[in-house]
Amino acid sequence: MGVEGGAQPGPDGALRCPWGLSAEDYVAYHDKEWGRPVHGDDALYERLCLEAFQSGLSWLTILRRREGFRAAFAGFRIAEVAAFTEEDEARLLGDTGIIRNRAKIQAAVANAKVAASLGEGGLDSLVWSFAPDPEGRPAPRTHTEIPAVTDESKALAKDLKKKGFRFVGPTTAYALMQACGLVNDHLADCWARGEMRAGAG
């Protein structure tokens, strides 16, 4: 058994972060995506949008609608979403495959325009410039040791907002950093943490 509050064994016996076992949909996301380095403007834009839509909701709600979001937002291709019109926003408000929140929809379109203005590779460079030293913090043994915000996420959120991005507070910025591998917040005994240290970093 894993330590109390720490990594727990899954059906295959491998230790995982407890949240990664809390729902079937989470297992693959935990094992194959969360915490692994994500590069590319469109890929990071997708994660930024999804984290913003998640604000105030369960991540599971977003994960189960991910394909709906991709269909609604042109595969999160920045150049295409940046060209969305008010008619597109109205269409999105009627799309049951996504979270129909007017402010978040408008933010996603506005953020695409800002991302496009940064030029090719601009969003990737901006986000990754805030990646902290991977050895700067001990591996968390329980979820209580994982912060909700950090100095780096505050700085990232501040810079994103300065450039015109919306729905990018420090908590959302830190969730983005966790999901995209800027930090490795898999618990110390989680098998995925060990794999990332040995492989992708």
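Structural data are supplied above this passage.
First, a word on what this report is: a plain description of the structure on this page. Note that the coordinates shown come from a computational prediction; the quantities given were computed from them, not determined experimentally.

Scoring rules and cut-offs
Residues numbered from 1 in each chain as written. Predicted model: local features only at pLDDT ≥ 70, side-chain atom pairs only at ≥ 80, totals over all residues. Heavy atoms only, no water. Helix = DSSP H or I, 4+ residues; strand = E, 2+ residues; numbered from the N terminus. Buried < 20%, exposed > 50% of the residue type's maximum accessible area, 1.4 Å probe, protein only. Contact = heavy atoms within 4.5 Å. Areas by Shrake-Rupley, 256 points an atom, 1.4 Å probe, with all protein chains shown as cover. Lys, Arg positive; Asp, Glu negative; His and termini not counted. Charge placed at Lys NZ, Arg CZ, Asp CG, Glu CD. Phe/Tyr/Trp six-rings, centres within 6.5 Å; stacked < 30°, edge-to-face > 60°. Lys NZ or Arg CZ within 6 Å of the ring centre and 35° of its normal. 1 Å grid on protein atoms, 1.4 Å probe; cavity = no way out; pocket = protein on both sides within 12 Å on 5 of 7 lines; lining within 4 Å. Points joined across faces, edges and corners; volume = space filled by probe spheres on them.

A short note on the overall build of the chain
- Of the regular secondary structure elements, the chain holds 11 helices and two strands.
- What you see in the chain, going N to C, is helices and strands ordered as β-β-α-α-α-α-α-α-α-α-α-α-α.
- Principal-axis analysis of the C-alpha atoms gives the chain an extent of 55 × 35 × 25 Å.
- For the chain, buried positions account for 47% of its 201 residues.
- Within the chain, counting contacts between residues at least 6 apart in sequence, those at least 24 apart form 65% of the total.
- Looking at the chain as shown, the accessible area adds up to about 9700 Å², and 52% of this sits on carbon and sulfur atoms.
- Placing the 24 positive and 28 negative side-chain charges of the chain at their respective mean positions leaves the two points 4 Å apart.

Things to note about the packing of aromatic side chains
- In this structure the tally under the stated criterion is 10 aromatic pairs.
- Arranged with centres 6.4 Å apart and planes meeting at 20°, the rings of Phe-73 and Phe-84 form a pair that is stacked. Here Phe-73, found in the loop between helix 4 (66-72) and helix 5 (78-81), pairs with Phe-84, found in the loop between helix 5 and helix 6 (86-93); they are 11 residues apart in sequence, far enough to count as distant. Here the two residues Phe-73 and Phe-84 agree in accessibility, since each one is buried.
- Directly above the aromatic system of Phe-84 lies the positively charged group of Arg-91, at a separation of 5.4 Å from the ring centroid.

Let's talk about the layout of surface pockets
- Its boundaries defined by the atoms lining it, the largest pocket holds a volume of some 550 Å³.
- In terms of lining, the largest pocket is formed by 22 residues, of which the most central are Trp-19, Trp-34, Trp-59, Ala-175 and Gln-178.
- Of all the secondary structure elements, the ones that give two or more residues to the lining of the largest pocket are helix 1 (24-32), helix 2 (41-54) and helix 10 (170-179).
- Here the lining of the largest pocket takes six residues from helix 10, the largest share from any one element.
- By volume, the second largest pocket amounts to about 390 Å³.

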